[in-house]
Amino acid sequence: MTTSEDALDDPAAGAVAGPAPGRAPVLRGQGPAVAVIALGGAVGALARYAAGLGWTTGPSAFPWTTLLINVVGCAVIGAFLVVVTEGRPAHPLLRPFFGTGVLGGFTTFSTYAVDIRRLLEAGRLGPGLAYLGLTLLGALGAVWAAATLTRRLIHRGGAR
């Protein structure tokens, strides 16, 4: 009996060993990006954890900490992406490290979904819907405002 691992290693088992002819392996050359994303994710998750410790909310309380984390993270990503795409050239691993890793680990939209469910299951329809709307509008507004302000600052500085 062959396992799926055997089939990948043994062409006689019915699978082609390695990538298809003319096709590069999926992860070739992506190791550094994957590594910096993982490192950045750990940094961002630790920052989020620290924020949660610094401003705790009880299980029945409105999730202000998560709301603030997500809005702040969105503002930072709005500014950051303008800087790295329209500002000075940056190291190619900066965007995956900070944009995907740190900010992806810091923001917590999965907790946002769990918090909404928790509020609704507790019969707190008003706070649940308010949280749903505040986070959505706050996050989108923060990205837009930070990107707009950063773009103006960059182009004003570049015009001199």
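What counts, and where the lines are drawn
Residues numbered from 1 in each chain as written. Predicted model: local features only at pLDDT ≥ 70, side-chain atom pairs only at ≥ 80, totals over all residues. Heavy atoms only, no water. Patch = residues over 30% accessible without salt bridge, like charges linked within 9 Å, V, L, I, M, F, W, Y side chains within 5 Å. Areas by Shrake-Rupley, 256 points an atom, 1.4 Å probe, with all protein chains shown as cover. Salt bridge = Lys/Arg side-chain N within 4 Å of Asp/Glu carboxyl O. Helix = DSSP H or I, 4+ residues; strand = E, 2+ residues; numbered from the N terminus. Buried < 20%, exposed > 50% of the residue type's maximum accessible area, 1.4 Å probe, protein only. Polar contact = N/O pair within 3.5 Å; in protein donor to acceptor, adjacent residues only side chain to side chain. Contact = heavy atoms within 4.5 Å. Axes fitted to C-alpha atoms, helices over the stretch in contact; angles between N-to-C directions. Left-handed = near helix turned anticlockwise from the far one by under 90°. Nonpolar A, V, L, I, M, F, W, Y, C, P; charged D, E, K, R; others polar. Expected span 1.5 Å × (residues − 1). Arc of directions from axis to C-beta. Phe/Tyr/Trp six-rings, centres within 6.5 Å; stacked < 30°, edge-to-face > 60°.

Asks: What exactly am I supposed to notice about a nonpolar patch on the surface here?
Replies: Taken together, the side chains of Trp 55, Trp 64, Leu 68, Val 72, Val 76 and Leu 134 define a hydrophobic patch exposed on the protein surface, amounting to about 530 Å² of accessible area. Residue contributions to the nonpolar patch peak at 4 residues, all from helix H3 (residues 64–86). Positionally, Trp 64 belongs in helix H3. Its relative accessible area of 43% is what places Trp 64 among the partly exposed residues.

Asks: Could you clarify how one ought to interpret the side chain of Thr 107 in this entry?
Replies: One can find Thr 107 in the loop between helix H4 (94–106) and helix H5 (109–121). Its relative accessible area of 14% is what places Thr 107 among the buried residues. Within the local environment of Thr 107, its side chain forms a polar contact with the backbone oxygen of Leu 103, the two atoms lying 2.8 Å apart. In this view, Thr 107 contacts Arg 48, Ile 69, Asn 70, Gly 73 and Cys 74; residues no more than four positions away in its chain are not counted.

Asks: What am I meant to see in the packing of helix H2 (residues 31–54) against H4 here?
Replies: The contact between H2 and H4 brings their axes to 6 Å, and the two run at 35°. In the packing of H2 onto H4, the handedness of the crossing is right-handed. Note on element contacts: H4 touches H2 through Pro 96, Phe 97, Thr 100, Gly 101, Val 102, Gly 105 and Phe 106, opposite Val 36, Ile 37, Leu 39, Gly 40, Gly 41, Val 43, Gly 44, Ala 45, Ala 47 and Arg 48. The residue inventory of the contact of H2 with H4, partitioned by class, reads 10 nonpolar, 6 polar and 1 charged.

Asks: Teacher, can you tell me more about H2 here?
Replies: Since the α-helix advances by 3.6 residues per turn, residues separated by three or four positions end up pointing in the same direction. With 24 residues, H2 extends 35 Å between its outermost C-alpha atoms, agreeing within 8% with the 34 Å of an ideal straight helix rising 1.5 Å per residue. Of the surrounding elements, those touching the buried residues of H2 are H4.

Asks: Teacher, can you tell me more about H5 here?
Replies: Between its first and last C-alpha atoms H5 spans 18 Å; for 13 residues at 1.5 Å apiece the expected length is 18 Å, and the two agree. Buried within H5 are the following residues: Tyr 112, Asp 115, Ile 116 and Leu 119. Mapping the buried residues of H5 onto a view down its axis gives an arc of 100°, with all of them on the same face. Set apart from the buried face of H5 by more than 90 degrees, the exposed residues are Ser 110, Val 114, Arg 117 and Glu 121. Positioned one or two residues after H5, Gly 123 has a phi angle of 80°, which is positive.

Asks: I'm lost on the pattern of salt bridges in this one. Help?
Replies: Close approach of charged atoms lets side chains of opposite charge pair. For the structure shown, the criterion picks out 3 salt bridges. As a salt-bridge pair, Glu 121 and Arg 117 come within 2.9 Å of each other at their nearest N and O atoms. Note that Glu 121 and Arg 117 are positioned in helix H5 at a spacing of 4 residues, about one turn of the helix. Neither residue differs from the other here; Glu 121 and Arg 117 are each classed as exposed.

Asks: Is there a simple way to explain the packing of aromatic side chains in this structure?
Replies: Pairs of aromatic rings are described using the distance from one ring centre to the other and the angle between the two planes. For the structure on display, the rule yields 5 aromatic pairs. Centre to centre, the rings of Phe 109 and Tyr 112 are 5.9 Å apart; their planes meet at 85°, and the pair counts as edge-to-face. With Phe 109 and Tyr 112 both in helix H5, this residue pair falls 3 residues apart, about one helical turn. In this structure an aromatic cluster arises from ring pairing among Phe 62, Trp 64, Phe 109, Tyr 112 and Tyr 131.

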